[in-house]
Amino acid sequence: MMSEEPAKSELLAAQSCQPCRRDSKPLNQKELPAWLEKLPDWLVTHHEGVPRLQREFPFEDFTQGVAFADQLAALADENDHHPELLISWGCVSVRWWTHSINGLHANDFIMAAKTDLLFAS
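Residues numbered from 1 in each chain as written. Predicted model: local features only at pLDDT ≥ 70, side-chain atom pairs only at ≥ 80, totals over all residues. Heavy atoms only, no water.

Colleague: Break down helix H3 (residues 62–79) for me, citing the residues and quoting the values.
Modeller: Look at H3: 26 Å from first C-alpha to last across 18 residues, which is about the 26 Å you get at 1.5 Å a residue. Considered for burial, the residues of H3 that qualify are Gly65, Phe68, Ala69, Leu72, Leu75, Ala76 and Asn79. Each buried residue of H3 sits inside an arc of 120° when the element is viewed along its axis, so together they form one side. For H3, exposure combined with an orientation more than 90 degrees from the buried face picks out Thr63, Asp70, Asp77 and Glu78. As for H3, its buried residues are in contact with strand S2 (50–58), strand S3 (84–88), strand S4 (91–96) and helix H4 (106–120). Its side-chain oxygen placed 3.2 Å from the backbone nitrogen of threonine 63, aspartate 61 serves as the N-cap of H3. (Helix = DSSP H or I, 4+ residues; strand = E, 2+ residues; numbered from the N terminus. Expected span 1.5 Å × (residues − 1). Buried < 20%, exposed > 50% of the residue type's maximum accessible area, 1.4 Å probe, protein only. Arc of directions from axis to C-beta. Contact = heavy atoms within 4.5 Å. Polar contact = N/O pair within 3.5 Å; in protein donor to acceptor, adjacent residues only side chain to side chain.)

Okay, structure coming up:
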């Protein structure tokens, strides 16, 4: 029997992004496992030494991927936090990180959880 308690990712998705200042500290290596536990389908990758939260979303064709990317763009604008998107046939790759601190912030995990909900809908 499934629990009626919301999943950790749903609780995370219900949160709002908070303004991140340039002097905000990125999450450190010790904090990341607890955040990643809430988002089991996401990985931390590094690009040019900067950690990023990444997931690939499968689609049956290119048009469905573009539609998802359009919806994600609107969600990103609503939250004033924007990912890097790579759209290819049958796949959209999403990477979140906070540019102003050159690393990962709670906002990135909140937006990743919101991205998961969007994909599930």
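After that view of the structure, there is still more to cover.
Colleague: Describe the layout of surface pockets, naming the residues involved and giving the relevant values.
Modeller: Left-over empty space is what a probe sized like a water molecule reveals as it rolls over the atoms. Its volume calculated, the largest pocket comes out at about 180 Å³. Looking at the largest pocket, the residues that line it are Cys17, Gln18, Pro19, Cys20, Asn79, Asp80, His81, His82, Thr98, His99, Ser100 and Asn107. Partitioning the lining of the largest pocket into residue classes produces 3 nonpolar, 8 polar and 1 charged. (1 Å grid on protein atoms, 1.4 Å probe; cavity = no way out; pocket = protein on both sides within 12 Å on 5 of 7 lines; lining within 4 Å. Points joined across faces, edges and corners; volume = space filled by probe spheres on them. Nonpolar A, V, L, I, M, F, W, Y, C, P; charged D, E, K, R; others polar.)

Colleague: Provide a residue-level description of the sheet that holds S2, including the pertinent values.
Modeller: Reading across from one edge, S1-S2-S4-S3 is the order of the 4 strands in this open sheet, with antiparallel pairing throughout. The open sheet terminates on both sides in strands that have one partner only, identified here as strand S1 (43–47) and S3. Adjacent strand axes in the sheet meet at a mean angle of 30° when their direction is disregarded. Bridge count for S1 against S2 is 5 bridges, and the pairing is antiparallel. Residue pairing in the sheet places histidine 47 in a bridge with valine 50 of S2. H3 rests against S2, S3 and S4 of the sheet, and its axis sits at about 165° to S3. Sheet contacts for H4: S2 and S4; angle to S2, the most-contacted strand, approximately 5°. (Pairing = 2+ DSSP bridges. Axes fitted to C-alpha atoms, helices over the stretch in contact; angles between N-to-C directions.)

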